[in-house]
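# Notes for the structure review
Below, each chain spelled out in residue letters.
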Number of protein chains: 2
Amino acid sequence: MAFELIILGCASATPTSEQYTTSQLLTMREQLFLIDCGEGVQQQLRRHRVKTGRINHIFISHLHGDHYFGLVGLISSFHLQRRKKELHIYGPKPLEEIIHVQLKASKTWLTYPLVFHVTNPDKAELVAETNKVEVYSIPLIHGIATTGFKFIEKHNPRSIDRDAVEKYGVPKHERAAVQRGMDWENEQGEVIPNAKLTVDPPRPLSYAFWSDTCYNPDKVEEISEVDVLYHEATFTQAERDLATQTKHSTAGDAAQIAHAAQVRCLILGHYSSRYPNRDVHLAESKQYFQNVIAGHDNMRIRADHQSIEVV
Amino acid sequence: MAFELIILGCASATPTSEQYTTSQLLTMREQLFLIDCGEGVQQQLRRHRVKTGRINHIFISHLHGDHYFGLVGLISSFHLQRRKKELHIYGPKPLEEIIHVQLKASKTWLTYPLVFHVTNPDKAELVAETNKVEVYSIPLIHGIATTGFKFIEKHNPRSIDRDAVEKYGVPKHERAAVQRGMDWENEQGEVIPNAKLTVDPPRPLSYAFWSDTCYNPDKVEEISEVDVLYHEATFTQAERDLATQTKHSTAGDAAQIAHAAQVRCLILGHYSSRYPNRDVHLAESKQYFQNVIAGHDNMRIRADHQSIEVV
């Protein structure tokens, strides 16, 4: 399993007694990334037995409450648990003050460093980087400053082609250099290029989270060929006018983006509470794109190079 | 049923997958009062099928997150539901800014007037008044500015004593004046005092919410003889030092306050998560006060002049 996504919540606007607002936990190369923090995110993390101490990076797409009202509670709980490790938060500029005024009001001096990274809603750029994953912001078009995020595995090093090194007679003590990318010269002075001695690493897997947005084909290149795309689908075609007015998308919009970006799999979410089920969303999106999943709270999606499946 | 209290949450510090932090709904004379707003309060209100449009007054005791992190979500949901009626919020001064920065960040212009009333943590005073209920703040002693609240029914008017007005021959058209408190003069010029023609209204019932606080006997007079007292009992005697250090109470402290104030019934809550059950809390409190209830999430307590019971 190369990566796993848990949809902790995907209701829009207001939580209900059974549904949580937007929040997702992405595990990529064993590292955890929390994306948006709707109210109740702590309950959901506990439900899924997530070791929250492993969460070091939190990404907030925008400052509508259904995407971040659970954040300050999580920050406080980390404090009460006497966390020591840095916590990195990526989000719109006003979020820093929102956190600050609440910590100040409770006279809380966090037990750990909270590092705030302001996202730029006008520019697609690298916002975070670990030893295994890079995260890029993607400007979206919504009522207020909003960014999506793209998570992509860093390139693995090439690995030794065991048959090739035997064939060319590369001595064992020189194989480490080949592994690091060096060409190899044999006793006859013939240079064997590294590409002949090593095999390509697996293609980096990627995940894109397209938060609240109107239909935005201009940014498709930013998510070109990602493995999994989550795209909001607040409405269906019958509410086209409402979607335009509120700067949200329909399921058909999401599918057109998925098709244009040539992603492997599309996950829908952020449904308006007016819909009793996802039948129309699925039918409308399949007009444009086949491999679509109607996301729901507590869904786990696992992906590797061979398959993408709900588990 | 003169009043009903629903404990929406009574965990301390952090919510768990099954427990909510502090929040209570008091119904007194058919009017709703929301007291503290821990994260997830909306889910709990929905669970109890509360018509949230009937909530016009919200009281926040202090700005530790477990007592108010659910407030801004509720304010936002009222907006999304296109509420028109005034919403009155009573709480510490910084809360107004906390609400304001979050509404501003989401570019939200509320559909309804939000009226903020600053509580004074140094003074017991009348903070709210409806046509049926008065609410007083009570200064408490905690790590940050904290107030409790006392809710007391307003005096009903005296009611006509039917036997007496017949006996004295008060004509029907003069009984309204008697009802309003007037004495009555008969044809012989004899004045019959109002007290002889009317009966006392029922005694006003009262409820006191003593939020996070250390043992604070100095304020007992403020809650003298209330019908129901909710008092935090974060700890038991074994954690006496910790209670002192964190300015919280033990179950025994709560019971001593209940005893000194001569209340009818004590409800405990705000338990530290270290205790697997309430057995020790109950045993310790019963050393000082007998009529004690160990509160828990989703408990409903009804009270009238005859009885106080968990339903």
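Residues numbered from 1 in each chain as written. Chains lettered and ligands numbered in written order. Predicted model: local features only at pLDDT ≥ 70, side-chain atom pairs only at ≥ 80, totals over all residues. Heavy atoms only, no water.

In the nomenclature of an unreviewed UniProt entry, chain A corresponds to Ribonuclease Z from the organism Phaeocystidibacter luteus. According to UniProt, the comment filed for chain A under the heading Function (unreviewed entry) is "Zinc phosphodiesterase, which displays some tRNA 3'-processing endonuclease activity. Probably involved in tRNA maturation, by removing a 3'-trailer from precursor tRNA." Check the Sequence similarities (unreviewed entry) section of the UniProt entry for chain A; it says "Belongs to the RNase Z family." (UniProt positions renumbered as here; feature names shortened; annotations may be inferred.)

## Let's talk about the packing of helix α8 (residues 251-261) of chain A against helix α9 (residues 279-286) of chain A
Residues and elements named next belong to chain A. In contact at an axis separation of 8 Å, α8 and α9 are set at 35 degrees when each is read in the N-to-C sense. The element α8 and its partner α9 pack so that their crossing is right-handed. Counting all contacts with α8, which are made through Ala251, Gly252 and Ala255, the residues of α9 involved are His281, Glu284 and Ser285. (Axes fitted to C-alpha atoms, helices over the stretch in contact; angles between N-to-C directions. Helix = DSSP H or I, 4+ residues; strand = E, 2+ residues; numbered from the N terminus. Left-handed = near helix turned anticlockwise from the far one by under 90°. Contact = heavy atoms within 4.5 Å.)

## A closer look at the state of the cysteines
The final tally for this structure, using the stated rule, is zero disulfides over all chains. A:Cys10 takes part in no disulfide bond, and the closest cysteine sulfur to it belongs to A:Cys265, at a distance of 14 Å. (Disulfide = S-S within 2.5 Å.)

## Some words on the interface of chain A and chain B
On the side of chain B, 34 residues touch chain A, which itself brings 34 residues to the contact. The contact between chain A and chain B buries some 2,800 Å² in all, and 58% of this surface belongs to carbon and sulfur atoms. Broken down residue by residue, the surface that chain A buries against chain B is led by A:Glu39, A:Gln43 and A:Phe69, which jointly contribute 21%. Here chain A is connected to chain B by zero salt bridges. Where chain A touches chain B, the interface holds four residue pairs in polar contact (both at pLDDT 80 or more). Within the residue set of the side of chain A that touches chain B, elements represented by two or more residues are α1 (41-47), α2 (71-80) and α3 (94-105) of chain A. In the side of chain A that touches chain B, the residues fall into 14 nonpolar, 15 polar and five charged. (Buried area = accessible area lost by both parts, 1.4 Å probe. Salt bridge = Lys/Arg side-chain N within 4 Å of Asp/Glu carboxyl O. Polar contact = N/O pair within 3.5 Å; in protein donor to acceptor, adjacent residues only side chain to side chain. Nonpolar A, V, L, I, M, F, W, Y, C, P; charged D, E, K, R; others polar.)

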